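What follows is each chain in one-letter form.
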Amino acid sequence: MAAKIVVACGAGVATSHAVASRLKKLLSARGVEAEIEAVAAESLPGALEGANAYVAVVKTDAEYDIPTFNGVAFLTGMGQEEELNKLIAALPE
């Protein structure tokens with residue numbers, strides 16, 4: 001079963017979809033199968049049910065019980081490799 005990753009930005013439109021698309025390509029290149037869902041920050045509580053990881057493009061006040069990663073790294077490319085390695089390590093095999 002593929003891991004589930006949730007990507008969230010403020011509105012859940014352009015930025016989260018851009019990060020989700022980049023993540024899909026990066027993970028695929030590493031042979032990692034994952035279901036990636038892009039959502040608005042307000043939809044997070046429901047979207048995170050059953051998720052293995054959360055990639056945050058915006059900072060929210062809430063904290064979640066799953067590994068959380070810096071989505072800005074996937075948007076800008078700065079620190080992307082490090083975040084990607086941490087993300088992959090946190091996913092179930």
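Our structure is the block above this text.
Numbering of residues starts from 1 in every chain and runs along the sequence as written. A pLDDT threshold of at least 70 governs which residues receive local features in this predicted model, and a stricter bar of 80 or more applies before side-chain atom pairs are shown or counted, although totals over entire chains, interfaces and linings include all residues. By convention in this description, side-chain values take in all heavy atoms of the structure and omit both hydrogens and water.

Chemist: Which residues make up the overall build of the protein, and what values go with them?
Modeler: Under the scheme used here, helices are H or I runs from DSSP no shorter than 4 residues and strands are E runs no shorter than 2 residues, and both carry numbers assigned from the N terminus. Of the regular secondary structure elements, the protein holds four helices and four strands. In the protein, the succession of helices and strands from N to C terminus is β-α-β-α-β-β-α-α. The globule rule puts the C-alpha radius of gyration for 93 residues at 12 Å, and the 12 Å found for the protein is close to it. Projected onto its principal axes, the C-alpha positions of the protein cover 30 × 30 × 20 Å. Considering the protein as a whole, with its 93 residues, one finds that 41% of them fall into the buried category. Residue contacts follow a heavy-atom distance rule, with two residues in contact if any of their heavy atoms lie within 4.5 Å. Residue pairs at least 24 apart in sequence account for 59% of intrachain contacts in the protein once pairs closer than 6 positions are excluded. Our radius of gyration is a C-alpha quantity, and the globule rule it is checked against amounts to 2.2 Å times the number of residues to the power 0.38. Categorising residues by exposure relies on relative accessible area from a 1.4 Å probe, with only protein chains included: less than 20% of the type maximum marks a residue as buried, more than 50% marks it as exposed, and the intermediate range marks it as partly exposed.

Chemist: Break down the pattern of salt bridges for me, with residues and values.
Modeler: For salt bridges, the criterion is a side-chain nitrogen of Lys or Arg within 4 Å of an Asp or Glu carboxyl oxygen. Per the counting criterion, the structure on display carries four salt bridges. When the shortest N-O distance is used, the salt bridge between Arg30 and Glu81 registers 2.2 Å. Remark: Glu81 occurs in helix α4 (residues 80-90) and Arg30 occurs in the loop between α1 (14-29) and β2 (34-40); sequence separation between them is 51 residues. Residue class for Arg30 comes out partly exposed when judged on its relative accessible area of 37%. Owing to a relative accessible area of 45%, Glu81 belongs among the partly exposed residues under this scheme. In the salt-bridge network here, residues are joined through shared partners; they are Glu82, Glu83 and Lys86.

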